[in-house]
Amino acid sequence: MKSLLCIIFMTIGFCVLAQNSADNDARLKALSDKSAEYHRKTDGESDGYRIKIHFGVDKTAANEVKQKFSSAYSNIIAYLDYKQPNFVITVGDFKTRVDAYAAFKRIQIDFPNAYIIKSKIKPVK
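Structure report, in brief. (Residues numbered from 1 in each chain as written. Predicted model: local features only at pLDDT ≥ 70, side-chain atom pairs only at ≥ 80, totals over all residues. Heavy atoms only, no water.)

Our focus in this paragraph is the pattern of salt bridges. The full count for this structure, using the stated rule, is 2 salt bridges. Residue Lys 120 pairs with Asp 47 through a salt bridge whose shortest N-O separation is 2.7 Å. Here Asp 47 lies in strand S1 (residues 46–56) and Lys 120 lies in strand S4 (residues 115–121), a separation of 73 residues in the sequence. With a shortest N-O distance of 2.9 Å, Arg 50 and Asp 93 are connected by a salt bridge. One end of the pair, Arg 50, is in strand S1; the other, Asp 93, is in strand S3 (residues 86–94), with 43 residues separating them in the sequence. By relative accessible area, Arg 50 is classed as buried at 6%. Using a relative accessible area of 18% as the deciding quantity, one classes Asp 93 as buried. (Salt bridge = Lys/Arg side-chain N within 4 Å of Asp/Glu carboxyl O. Helix = DSSP H or I, 4+ residues; strand = E, 2+ residues; numbered from the N terminus. Buried < 20%, exposed > 50% of the residue type's maximum accessible area, 1.4 Å probe, protein only.)

Shown next, in the form of structure tokens:
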């Protein structure tokens, strides 16, 4: 009798575990799908920091600053954006302000008007 009760309880336990596993798999799939949809909508961008090194109305001057920066700091990406009425050059994709500050101290030597800003950043590859 005891062994029969033991077998019944073990069978019920395995059924419950199997059901929980299926529920967890469904939840993980839903979470994965939501994450993929979010990254599609935001192009994978997240909150972070960049360093603004130039802004002005002259596009030629902005391109020259970007070129000068890219030749001096080839390991840091430079971005040219147009925010009416100015052309803005921002550099880097830093997750934390501490990371941005370390690069800022080096960049400030060549670009003394540079400063750190909050920005959407591209994922680091």
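Moving on to the nonpolar core. One finds Ile 51, Ile 53, Phe 69, Val 91, Ile 107, Phe 111 and Ala 114 to be the most contacted residues of the largest nonpolar core, which totals 20 residues. Elements that contribute at least two residues to this core include exactly S1, helix H2 (59–72), S3 and helix H3 (97–110). Once residues lying within four places of it in the same chain are set aside, the contact partners of Phe 69 are Ile 53, Ile 76, Ala 78, Val 91, Ile 107 and Phe 111. (Core = buried A, V, L, I, M, F, W, Y, C linked by side-chain atoms within 4.5 Å. Contact = heavy atoms within 4.5 Å.)

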